[in-house]
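# Observations on the model geometry
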Amino acid sequence: MDFLSKDDNIELAHIQAEIMAKKREQYLNMHPYSIWENKGYYYTWLPDRSKKSGRRQIKRRKLTALEDAIIKEVKESQKVTSEDLFEEYIDRKVKNDSIKPSTVYRYRTVFKRHYVSTGWNVKNIENINIDEFSDFIEDEIGRCSLNAKALSNFKGVTTGILKRAATKKLITYTYSMV
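Cut-off values and rules
- Residues numbered from 1 in each chain as written.
- Predicted model: local features only at pLDDT ≥ 70, side-chain atom pairs only at ≥ 80, totals over all residues.
- Heavy atoms only, no water.
- Core = buried A, V, L, I, M, F, W, Y, C linked by side-chain atoms within 4.5 Å.
- Buried < 20%, exposed > 50% of the residue type's maximum accessible area, 1.4 Å probe, protein only.
- Helix = DSSP H or I, 4+ residues; strand = E, 2+ residues; numbered from the N terminus.
- Contact = heavy atoms within 4.5 Å.
- Axes fitted to C-alpha atoms, helices over the stretch in contact; angles between N-to-C directions.
- Parallel < 35°, antiparallel > 145°, perpendicular 65-115°, else oblique.
- Left-handed = near helix turned anticlockwise from the far one by under 90°.
- 1 Å grid on protein atoms, 1.4 Å probe; cavity = no way out; pocket = protein on both sides within 12 Å on 5 of 7 lines; lining within 4 Å.
- Points joined across faces, edges and corners; volume = space filled by probe spheres on them.
- Nonpolar A, V, L, I, M, F, W, Y, C, P; charged D, E, K, R; others polar.
- Phe/Tyr/Trp six-rings, centres within 6.5 Å; stacked < 30°, edge-to-face > 60°.
- Patch = residues over 30% accessible without salt bridge, like charges linked within 9 Å, V, L, I, M, F, W, Y side chains within 5 Å.
- Areas by Shrake-Rupley, 256 points an atom, 1.4 Å probe, with all protein chains shown as cover.
- Salt bridge = Lys/Arg side-chain N within 4 Å of Asp/Glu carboxyl O.
- Lys, Arg positive; Asp, Glu negative; His and termini not counted.
- Charge placed at Lys NZ, Arg CZ, Asp CG, Glu CD.
- Expected span 1.5 Å × (residues − 1).

Ranked by internal contacts, the top residues of the largest apolar core, which has 28 residues, are Tyr115, Ile125, Phe133, Val157 and Ile161. In terms of residue count, helix α6 (residues 148-167) provides more of this core than any other element does, 6 residues in total. Among residues more than four places away in sequence, those in contact with Ile125 are Val80, Thr81, Ser82, Leu85, Phe133, Ile161, Ala165, Leu170 and Ile171. Ile58, Leu66, Ala69 and Val74 belong to the second largest nonpolar core, which has 8 residues in total.

What follows is the structure, given as structure tokens:
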């Protein structure tokens, strides 16, 4: 990288452009499929779990537009949701035999009731601050009129999600802080 211009001054715009180009290249290198051109269009495949083949084809007129779509998809696939963390939490508990099947069923029901029904299961956990999470918990307690047992189950699921997030260093707060 040549950051110095002819008169030995650092060009910030040049540095920023090079950094953005390298970041763009990194995201494109994460893309597992090839890109091809046919009849004036650029094509590639994107991973798609909803399809039987596990992928879907996209096409764009310009290569840069196709690359932008790829980068957007790669960024989306890297986000960690509360659903991902919940599944990791449950899987670890089952693997360690520290949770019974009836508890797994109960926790899944609680997760569906409080997280899936409100859309919190798909939010990127890194983008949720402590105030938003605290408000969500208070709103859920009021919305569902939770009794002591239901509140305990909700707290158990939420604690498990937040523990996994803290362990992975995705958040800097814990349930006790919320």
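The structure having been displayed, the exposition proceeds.
This brings us to the packing of helix α5 (residues 130-144) against α6. Packing of α5 against α6 leaves a shortest axis separation of 11 Å and a crossing angle of 160°. In terms of their interaxial angle, α5 and α6 are classed as roughly antiparallel. Considering only the axes of α5 and α6, their crossing is right-handed. Facing α5, whose interface residues are Phe133, Phe136, Ile137, Glu140 and Ile141, α6 presents Leu151, Phe154, Thr158 and Leu162.

Turning our attention to the layout of surface pockets. When its volume is computed, the largest pocket comes out at roughly 530 Å³. In this structure, the largest pocket is lined by 19 residues; those nearest its centre are Arg49, Glu73, Glu76, Ser77 and Lys79. In terms of residues, the lining of the largest pocket owes the most to one element, helix α2 (residues 63-78), which gives 5 residues. Of the residues in the lining of the largest pocket, the class split is 7 nonpolar, 4 polar and 8 charged.

Quick look at the packing of aromatic side chains now. Scanning the model with the defined rule gives 11 aromatic pairs in all. Ring plane angle 10° and centroid distance 5.8 Å describe the contact between Trp36 and Tyr43, whose orientation is recorded as stacked. Consider the rings of Tyr115 and Phe136, whose centres lie 5.2 Å apart with planes at 55°: the pair is tilted. One end of the pair, Tyr115, is in helix α4 (residues 101-116); the other, Phe136, is in helix α5, with 21 residues separating them in the sequence. Phe136 carries the same exposure label as Tyr115, and that label is buried. Ring pairs connect the aromatic residues Phe86, Phe111, Tyr115, Trp120, Phe133, Phe136, Phe154 and Tyr173, which therefore count as one cluster.

Residues Asp131, Glu132, Asp135, Glu138 and Asp139 make up a contiguous surface patch of negative charge. Positionally, Glu138 belongs in helix α5.

With that settled, consider the packing of α4 against α6. Closest axis-to-axis distance for the α4/α6 pair is 10 Å, and the angle between their directions is 90°. By the criterion of interaxial angle, the relationship of α4 to α6 is roughly perpendicular. On the side of α4, the interface is formed by Arg106, Tyr107, Val110, Phe111, Arg113, His114 and Tyr115, while α6 contributes Ala150, Asn153, Phe154, Gly156, Val157, Thr158 and Ile161. When grouped by side-chain class, the residues that make up the contact of α4 with α6 number 8 nonpolar, 4 polar and 2 charged.

Note that an α-helix has 3.6 residues per turn; residues three or four places apart therefore point the same way. Relative to the 22 Å expected for 16 residues at 1.5 Å per residue, α2 spans 23 Å between its end C-alpha atoms, a close match to the ideal helical length. All buried positions along α2 are accounted for by Leu66, Glu67, Ala69, Ile70, Ile71 and Val74. Where α2 is buried, its residues contact α1 (12-29), β2 (41-47) and β3 (55-60).

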